[in-house]
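# Secondary and tertiary structure notes
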Amino acid sequence: MILTIDTATSVGSVALVDRSQVIVSRYFDLGLQHTQRLFVEIEQICQLANCPIVNLTAVAVTVGPGSFTGVRIGLAAAKGLCLVDDKPLVVLSTLETLAMRLPYAADPVCALIDARKEQVYAGLYGMQTGWPVELEAVRAIEPDALIAERAGQDTIYIGDGADAYSELIDASPGARRAPFHVARPHAAAAGALAWNKFDRGECADLATVEPDYLRAPDAKVSTKNLGV
């Protein structure tokens, strides 16, 4: 089984997924309180599945884009689990994970995460095969510019960015928003994507893996007491 972690947005989730099914998953929408819940949830699903970390095939985690704090929490937890029990790490795009909520969609899926400052993180994917195929490079962009680009083209928008700019989307020809029950990333969907990447040998180097922020963090880490 692969343990999958997603804390890249305001919602969080963890799941244990084998090659053919979701064994157990937990989803929590409590705001950015992931440090308070993450290891509790991991411990509980491992107990429910009678699967200690040492017995896992790998650990997978979404590494952004998304909340700077949330991404760091998830990646740090995943790396720690891999180091302790010598497990491979699979890293996943939060935008791809969102698109995985709509497998086999006939129209392009535009995954949107609210990036604040009147921007969204956006990824456009073809989902006809059941797996996300990138149609355009992921980017941070003003939502009105993105919607204008896609005007008149059948597109399904998904994610909290789609909710934040729902009026723009709903007024655009050809645009539709995903229903609420699939509108957030979920570790269960990420688990299927993780197995696909794992089977292709796409595992990360624990020493060099970094978050994929797309945009520089707003807050800077102080170097006052670091001797820099």
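A word on the environment of L3. Secondary-structure assignment places L3 in strand β1 (residues 2-6). With 76 residues separating them along the chain, L3 and K79 place their C-alpha atoms 12 Å apart. Residues within four places of L3 in sequence aside, it is in contact with A15, L16, I42, I45, I53, L56, A58, V59, A60 and L81.

Sheet architecture is open: five strands sit in the order β3-β2-β1-β4-β5, paired in mixed fashion. This sheet does not close on itself; its edge strands, each paired only once, are β3 (22-28) and β5 (89-92). Mean inter-strand twist for the sheet, computed between neighbouring axes without regard to direction, equals 15 degrees. One ladder, built from six bridges, connects strand β2 (residues 12-17) with β3; its direction is antiparallel. Residue pairing in the sheet places G12 in a bridge with F28 of β3. Across the sheet, helix α1 (residues 34-48) touches β1, β2 and β3, and the angle it forms with β3 is around 160 degrees. Contacting β1, β4 (58-62) and β5, helix α2 (residues 68-85) crosses the sheet at an angle of about 170 degrees to β4.

We now examine α1. An α-helical turn contains 3.6 residues, so a residue and the one three or four places further along point in the same direction. Between its first and last C-alpha atoms α1 spans 20 Å; for 15 residues at 1.5 Å apiece the expected length is 21 Å, and the two agree. Of all the residues in α1, the buried ones are H34, L38, E41, I42, I45 and C46. Burial along α1 is one-sided: seen end-on, the buried residues are contained in an arc of 125 degrees. Turned more than 90 degrees off the buried face of α1, the exposed positions are Q36, Q47 and L48. The inward-facing, buried residues of α1 abut β1, β2, β3 and α2. Positive backbone phi, at 55 degrees, marks N50, one or two positions downstream of α1.

Within the secondary structure, E41 sits in helix α1. In this structure E41 touches V14, R26 and F28, once residues within four positions along its chain are discounted.

Time to look at empty space enclosed by the protein. This model, assessed by the stated rule, comprises one cavity of 30 Å³ or more. Roughly 60 Å³ of volume is contained in the largest cavity. Considering the residues around the largest cavity, the lining is formed by C110, A122, G123, L124, E136, A137, R139, L146 and R150. Taken together, the elements giving at least two residues each to the lining of the largest cavity come down to β7 (119-126), β8 (133-141) and α4 (143-150). Class assignment of the residues belonging to the lining of the largest cavity gives a composition of five nonpolar, one polar and three charged.

Of all hydrophobic cores here, the largest spans 35 residues; its most connected members are L92, L102, V109, M127 and I158. With seven residues, helix α7 (residues 187-199) is the largest single contributor of residues to this core. Excluding residues that lie within four positions of it along the chain, I158 makes contacts with L98, R101, L102, V109, C110, A111, L112, A178, V182 and A183. I5, V14, C46 and L89 belong to the second-largest nonpolar core, a separate cluster that totals 23 residues.

Cut-off values and rules
Residues numbered from 1 in each chain as written. Predicted model: local features only at pLDDT ≥ 70, side-chain atom pairs only at ≥ 80, totals over all residues. Heavy atoms only, no water. Helix = DSSP H or I, 4+ residues; strand = E, 2+ residues; numbered from the N terminus. Contact = heavy atoms within 4.5 Å. Pairing = 2+ DSSP bridges. Axes fitted to C-alpha atoms, helices over the stretch in contact; angles between N-to-C directions. Expected span 1.5 Å × (residues − 1). Buried < 20%, exposed > 50% of the residue type's maximum accessible area, 1.4 Å probe, protein only. Arc of directions from axis to C-beta. 1 Å grid on protein atoms, 1.4 Å probe; cavity = no way out; pocket = protein on both sides within 12 Å on 5 of 7 lines; lining within 4 Å. Points joined across faces, edges and corners; volume = space filled by probe spheres on them. Nonpolar A, V, L, I, M, F, W, Y, C, P; charged D, E, K, R; others polar. Core = buried A, V, L, I, M, F, W, Y, C linked by side-chain atoms within 4.5 Å.

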